[in-house]
Amino acid sequence: MILKDHEKILMRADKLEDRSIVVNFDVYNTHYYEVTKDGGYVHIRQELEFFNVVVYNCDGDVLSEVNVPFKFKEIDQ
């Protein structure tokens with residue numbers, strides 16, 4: 001996708017009631033100060049030992065889903 005000079009990608013993050021995060025990607029028109037094109041979104045949910053990351057297109061179809069393992073490390077004080 002090629003953006004016009006007066007367009008930019010707008011990312012908005014929202015925390016849901018289940019404590020997961022949704023990041024929306026839309027096209028924002030800086031001349032009209034409004035979103036002019038709906039994009040997709042990413043839903044991130046924390047499980048016990050991994051993050052579940054699901055990527056959706058603008059129609060709500062799943063494009064990708066992956067579980068990303070993580071661990072915590074002690075902070076030297």
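It should be noted that the structure appears before, not after, this text.
Notes on the structure in this doc start here.

### Focus: the pattern of salt bridges
Part 1: Inspection of every chain in the model, using the stated rule, returns three salt bridges.
Part 2: A salt bridge links Lys-37 to Glu-7, with the shortest nitrogen-to-oxygen separation between them at 3.7 Å. Separated by 30 residues along the polypeptide, Lys-37 in strand β3 (residues 34-37) and Glu-7 in strand β1 (residues 7-15) bring together distant segments of the chain.
Part 3: Judged by its relative accessible area of 37%, Lys-37 falls in the partly exposed class.
Part 4: For Asp-26, the salt bridge identified is with Arg-12, shortest N-O distance 2.6 Å. Of this pair, Asp-26 sits in strand β2 (residues 21-29) while Arg-12 sits in strand β1, placing them 14 residues apart in sequence.

### Here we look at the pairing of strand β4 (residues 41-46)
Part 1: Pairing between β2 and β4: four bridges, direction antiparallel. Within the sheet, the bridge partner assigned to Asn-24 lies in β4 and is Tyr-41.
Part 2: In this sheet, strand β5 (residues 50-56) lies alongside β4 in antiparallel orientation, the contact comprising six bridges. Bridge pairing in β5 places Gln-46 opposite Phe-51.
Part 3: In textbook terms, the turn of a hairpin is the stretch between consecutive antiparallel strands, and for β4 and β5 this stretch comprises three residues.

### Brief notes about unusual backbone geometry
Part 1: A positive phi angle is found at Arg-19, which is not glycine, with a value near 75°.
Part 2: Phi is positive for Tyr-33, close to 55°, though the residue is something other than glycine.
Part 3: The residue Tyr-33 is located in the loop between β2 and β3 in this model.
Part 4: Tyr-33 gets classed as exposed once you look at its relative accessible area, which sits at 64%.

### Regarding a nonpolar patch on the surface
Part 1: Together, Leu-3, Ile-9 and Met-11 make up a nonpolar patch on the protein surface, roughly 280 Å² of accessible area in all.
Part 2: Structurally, the position occupied by Met-11 is in strand β1.

### Considerations on the environment of Thr-36
Part 1: Here Thr-36 shows up in strand β3.
Part 2: By relative accessible area, which is 36% here, Thr-36 ends up partly exposed.
Part 3: Considering only alpha carbons, one finds Thr-36 and His-6, 30 residues apart in sequence, at a separation of 11 Å.
Part 4: Leave out the neighbours within four places in its chain, and Thr-36 touches Glu-7, Val-27 and Asn-29.

The rules behind these values
Residues numbered from 1 in each chain as written. Predicted model: local features only at pLDDT ≥ 70, side-chain atom pairs only at ≥ 80, totals over all residues. Heavy atoms only, no water. Salt bridge = Lys/Arg side-chain N within 4 Å of Asp/Glu carboxyl O. Helix = DSSP H or I, 4+ residues; strand = E, 2+ residues; numbered from the N terminus. Buried < 20%, exposed > 50% of the residue type's maximum accessible area, 1.4 Å probe, protein only. Pairing = 2+ DSSP bridges. Patch = residues over 30% accessible without salt bridge, like charges linked within 9 Å, V, L, I, M, F, W, Y side chains within 5 Å. Areas by Shrake-Rupley, 256 points an atom, 1.4 Å probe, with all protein chains shown as cover. Contact = heavy atoms within 4.5 Å.

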